[in-house]
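# Survey of secondary and tertiary structure
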Amino acid sequence: MEMADTMQVTVSPHLHRRDETISRGMRNVLVALAPLGIWAIIIFGFNVVYILAVSCITAALSEIVMRKIMRRPVTLSDGSAMVTAILFAFLLAPTTPLWVVAIGSFIAVVIAKELFGGLGKNIFNPAIFARVVLFFSPLAVYSQRYARPFFWKTTGFFSPVATSINNNVSSGVVYKTLAGNSTSLVTAATPLSLFKSGRLLPGIVTGPTPVGSTWVTSSGRPNVGGLFLGLKSGTIGEISILLILLGGLYLIYKGTVDWRIPAGIIGAFFLLTLVTWYHPVDNLFGGGLFLGAFFMATDWVTSPVTRRGKWIFAIGIGVTIFILRFWSARPEGVALAIIIWNPLTLLIDRYIAQPRFGEVTNPLFSKLPILPKSKPVPAAKSAPEKT
Amino acid sequence: MAIKTDHKTFKGGVHPPYNKEMASSQPIKAAPVPAEVIIPLSQHIGAPNEVLVSPGDKVTVGQKIGGSEAFVSAAVHSSVAGTVKSITEITGFTGAMVKAVIIESAPEQPEFEKKAGADLDAVTGDRVREIAREAGLVGMGGAAFPTHVKLAPPQDKAIDTVIINACECEPFLTCDHRLMLERASDLVSGVKLLMKAVGAKSGIVGIEANKMDAVDEVRKAAEGEPGVSVEVLEVKYPEGAEKMLIYALTGRKVPPGKLPSEVSCLVQNAGTALALYEAAAWGKPLYERVLTITGPGIKQPCNLLAKIGTPISTLVDFCGGFRGEAGKLILGGPMTGWAQKDASAPIVKGTSGVLVLTADAIDVGIEQECVRCGKCVDACPMFLLPNFIVQYTKREEWDKAEMSGALDCFECGCCSFVCPAYIPHVSYAREAKAEIAALRKR
């Protein structure tokens with residue numbers, strides 16, 4: 001063969017790890033998320049599929065249009081928009097109206113990702129960002145009423161159900177099918193809101209204790225098996241701790257996710273609830289802690305790169321979740337804690353030192369060396385201009 | 001996933017596919033003498049050499065043709081008997097222009113006359129350094145730093161351990177493996193000479209666990225030699241990097257910006273130890289070396305003893321030529337070697353192999369935006385921040401590039417190997433190092 005003319009010349013190294021690509025990393029995440037989606041369909045019915053579909057389609061269209069407008073190459077094939085769309089959907093109540101889903105998915109891709117400069121430049125986790133924006137918007141009411149598991153037994157497996165507002169009923173919220181017919185569903189408190197109301201805000205949440213739903217014992221306390229396996233109300237993706245663990249361990253095995261972040265978050269949080277004896281088990285399995293720790297906080301772009309930074313970031317999130325759950329009026333705090341720590345990633349990477357090999361001193365913070373700030377302008381060029 | 005072993009190692013690093021089996025069973029063969037050798041005048045790190053011959057001169061094998069009065073330099077010798085044709089500028093293997101002596105080989109090539117009767121036990125340490133300098137020895141793993149300079153550490157730094165780098169952690173290459181199998185006792189003699197030169201009490205030959213036959217051979221040869229031992233290391237890249245190897249074998253850490261003498265160690269490549277033995281026992285200068293011609297793009301991969309200055313094309317032809325679709329032609333190993341645009345460059349003292357990859361064997365990705373996954377940080381054996389070196393180099397913020405560790409980067413390439421965004425970190429780090437050095441000089 002004639003090789004001489006066609007040899008490629010590049011800088012070393014000339015080998016690349018097999019299958020180590022961005023799209024492969026994203027595909028690993030999708031594989032890990034798949035069982036969670038299937039479980040959600042079993043518990044909440046086909047409504048979950050409608051929400052996922054709307055979220056994905058909106059994200060894909062938004063990304064294509066946005067990147068065309070900003071004259072960037074369309075990078076849909078890297079799968080990051082799909083991961084964002086699915087993670088966002090997993091943070092929603094299973095009866096969230098589809099138009100709210102579309103707005104949220106649009107916010108995630110366009111505002112939280114593309115306007116920041118695209119994948120790699122965003123400082124907030126797009127899915128969490130969109131969720132938190134919805135949470136603090138007038139649309140909040142649509143996405144925080146949680147229907148009881150197996151509500152589809154009343155409405156039918158395939159029929160779409162959405163939260164709607166009706167000021168004539170006491171809670172202000174009713175459920176409607178796509179045709180607009182009201183349907184009577186029993187709302188169930190999530191495990192966290194249940195004990196939150198019981199402990200800190202007595203009397204505010206009234207009405208029948210959802211005794212008899214699968215995750216509550218006759219004494220009104222959540223049962224551990226139900227909590228862990230996922231027979232409870234909650235957002236689409238957070239309910240089955242078992243499946244989140246399996247997916248998370250798969251990602252750690254594949255090297256897509258660093259074990260330090262989930263370990264730090266869950267460890268720090270659990271330790272604090274143990275010390276304060278603040279419903280340690282319910283708090284551990286009841287809310288979005290595991291989904292957040294394994295799938296949200298581990299986002300490549302918005303978590304630190306150094307080992308030490310990862311620990312600080314993770315423990316910080318764990319402590320913040322505890323503060324939010326313990327002292328705020330809200331039962332949950334995972335999304336807020338992550339969104340608070342996301343921008344701190346930049347500071348951590350910049351100012352927390354990673355000692356080099358063989359470095360004798362082991363400072364916690366980096367020091368800037370004394371050197372000219374940037375390339376000085378050559379003297380010869382500037383001299384003739386002055387004369 | 002990699003299998004965990006109890007063998008000694010360092011933290012970080014990667015596990016590339018090794019592909020050693022292509023050439024590891026091929027005994028060392030002598031390569032043909034080319035019609036013309038192209039010998040670059042300076043093949044080392046340090047002061048450039050003066051040319052000592054002129055066109056038309058007759059030269060013999062081993063005759064010095066380039067040298068320098070400067071201490072940090074290594075003489076160059078003719079690898080053939082013949083006539084100096086010209087002294088001209090050629091494109092060297094790094095792509096830079098270098099001065100070279102072109103020698104036409106005589107049809108009759110006499111054997112190199114080995115000096116007999118050298119008493120290696122009686123030779124002094126000073127004499128060993130002189131021998132290394134006269135023979136033009138350089139580090140043969142690739143860096144090509146003059147050996148006699150390494151053998152003369154600062155007065156206040158006593159060396160207690162000589163480490164022989166026989167890891168051959170670069171994938172594909174097998175020349176050191178073959179040397180150990182075929183010439184173990186000469187290698188051990190070389191180790192003893194090195195120990196004598198720096199007054200070290202112990203000499204450790206570090207071999208990766210994928211060459212257990214070589215471990216056995218060298219252990220057998222080292223039996224009864226006081227202070228000489230063989231250690232098995234985990235198969236991981238870059239196990240043979242100087243600082244990583246010292247840490248793996250002794251637990252000592254060379255501080256950033258310092259040399260191995262700081263922790264009382266001297267590291268030499270296995271090939272260099274052997275060349276030192278040949279220089280001391282036979283009076284033979286470094287004019288030929290063993291290297292591996294291998295890769296999926298070579299018909300018959302093999303290990304060759306080739307004259308310095310032999311064009312790559314001669315060696316490739318001797319190995320049956322190219323095969324498959326054109327990909328990359330690399331001088332050295334796949335992790336740190338230099339890609340060539342054609343096969344015209346000559347091999348030099350630091351060339352450990354010629355590697356030909358076919359188009360389907362190379363994974364060429366388009367450089368994408370960094371996604372901050374941190375895989376490069378985990379892989380870096382120096383614990384640097386490769387992604388930030390890249391980012392600050394792009395922005396020309398050299399102070400921050402240095403803070404991220406640019407000056408400590410030895411370009412092993414682990415970061416790029418694991419990068420899902422196909423970022424060529426090494427290229428950015430080289431730029432940063434050059435710029436920072438230029439700023440420092442001002």
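The present account deals with the structure reproduced in this document.

Calculation rules
- Residues numbered from 1 in each chain as written.
- Chains lettered and ligands numbered in written order.
- Predicted model: local features only at pLDDT ≥ 70, side-chain atom pairs only at ≥ 80, totals over all residues.
- Heavy atoms only, no water.
- Phe/Tyr/Trp six-rings, centres within 6.5 Å; stacked < 30°, edge-to-face > 60°.
- Buried < 20%, exposed > 50% of the residue type's maximum accessible area, 1.4 Å probe, protein only.
- Core = buried A, V, L, I, M, F, W, Y, C linked by side-chain atoms within 4.5 Å.
- Helix = DSSP H or I, 4+ residues; strand = E, 2+ residues; numbered from the N terminus.
- Contact = heavy atoms within 4.5 Å.
- Buried area = accessible area lost by both parts, 1.4 Å probe.
- Salt bridge = Lys/Arg side-chain N within 4 Å of Asp/Glu carboxyl O.
- Polar contact = N/O pair within 3.5 Å; in protein donor to acceptor, adjacent residues only side chain to side chain.
- Disulfide = S-S within 2.5 Å.
- Axes fitted to C-alpha atoms, helices over the stretch in contact; angles between N-to-C directions.
- Left-handed = near helix turned anticlockwise from the far one by under 90°.
- Nonpolar A, V, L, I, M, F, W, Y, C, P; charged D, E, K, R; others polar.
- Pairing = 2+ DSSP bridges.

Each aromatic ring pair is specified by the distance between its two centres and by the angle formed by the two planes. All names here are of chain A. Within the structure shown, the criterion is met by 27 aromatic pairs over all chains. Look at Phe46 and Tyr50: their rings are 5.4 Å apart centre to centre, the planes differ by 80°, and that puts the pair in the edge-to-face class. Accessibility expressed as a relative area gives 24% for Phe46, which makes it partly exposed. On the basis of an interplanar angle of 70° and a centroid distance of 4.8 Å, the ring pair of Phe326 and Trp327 is categorised as edge-to-face. Given the relative accessible area of 61%, Trp327 is considered exposed. Through pairs of rings, three or more aromatic residues link up here, namely Phe46, Tyr50, Phe150, Trp152, Phe157 and Phe158.

On to the nonpolar core. Core analysis: the largest hydrophobic core is formed by 91 residues, its most contacted members being Ile265, Leu289, Phe290, Phe295 and Ile317 of chain A. It is helix H1 (residues 22-44) of chain A that provides the largest number of residues to this core, a total of 10 residues. The residues contacting Phe290 of chain A, other than those within four sequence positions of it, are Ile241, Ile244, Leu245, Ile266, Leu284, Phe285 and Phe295 of chain A. Core analysis: the next-biggest nonpolar cluster, separate from the first, contains 51 residues, Leu187, Leu194, Val198 and Leu286 of chain B among them.

On to the interface of chain A and chain B. Each side of the interface is counted separately: chain A has 52 residues, and chain B has 79 residues. The junction of chain A with chain B conceals about 5,900 Å² of combined surface from both sides, 61% of it contributed by carbon and sulfur atoms. Here chain A and chain B share five salt bridges between them. A salt bridge links Arg372 of chain B to Asp349 of chain A; its shortest N-O distance comes to 2.8 Å. Applying the counting criterion to the chain A and chain B interface returns 22 residue pairs in polar contact (both at pLDDT 80 or more). The element best represented in the side of chain A that touches chain B is helix H15 (residues 344-351) of chain A, accounting for three residues.

This paragraph deals with the state of the cysteines. Residue and element names in this part refer to chain B. For the structure on display, the rule yields zero disulfides over all chains. Lacking any disulfide linkage, Cys376 is separated from the closest cysteine sulfur, that of Cys373, by 6.2 Å. Lacking any disulfide linkage, Cys415 is separated from the closest cysteine sulfur, that of Cys412, by 6.2 Å. Overall, the relative accessible area of 11% leaves Cys415 in the buried class.

With that out of the way, let us pick up the packing of helix H10 (residues 260-276) of chain A against helix H13 (residues 307-327) of chain A. Residue and element names in this part refer to chain A. Where H10 meets H13, the axes come as close as 7 Å, and the angle between the chain directions of the two elements is 40°. H10 and H13 meet at a crossing whose hand is right-handed. Facing Arg260, Ile261, Ala263, Gly264, Ile265, Ala268, Phe269, Leu272, Thr273 and Thr276 of H10, the residues of H13 in contact are Arg307, Lys310, Trp311, Phe313, Ala314, Ile315, Ile317, Gly318, Val319, Ile321, Phe322 and Arg325. Looking at the contact of H10 with H13, its residues break down into 14 nonpolar, four polar and four charged.

A separate point is the sheet that holds strand E14 (residues 302-307) of chain B. Residues and elements named next belong to chain B. Read from one edge to the other, the open sheet built from six strands follows the order E1-E14-E13-E17-E15-E16, with strand pairing classed as mixed. With partners counted over all chains shown, the strands left at the sheet margins are strand E1 (29-30) and strand E16 (338-340), one partner each. The pairing of strand E15 (residues 328-331) with strand E17 (residues 353-357) spans four bridges and is classified as antiparallel. Within E17, the residue paired with Ile330 across the bridge is Leu355.

Interpretation note: all reported values are geometric properties and have no functional meaning in isolation.
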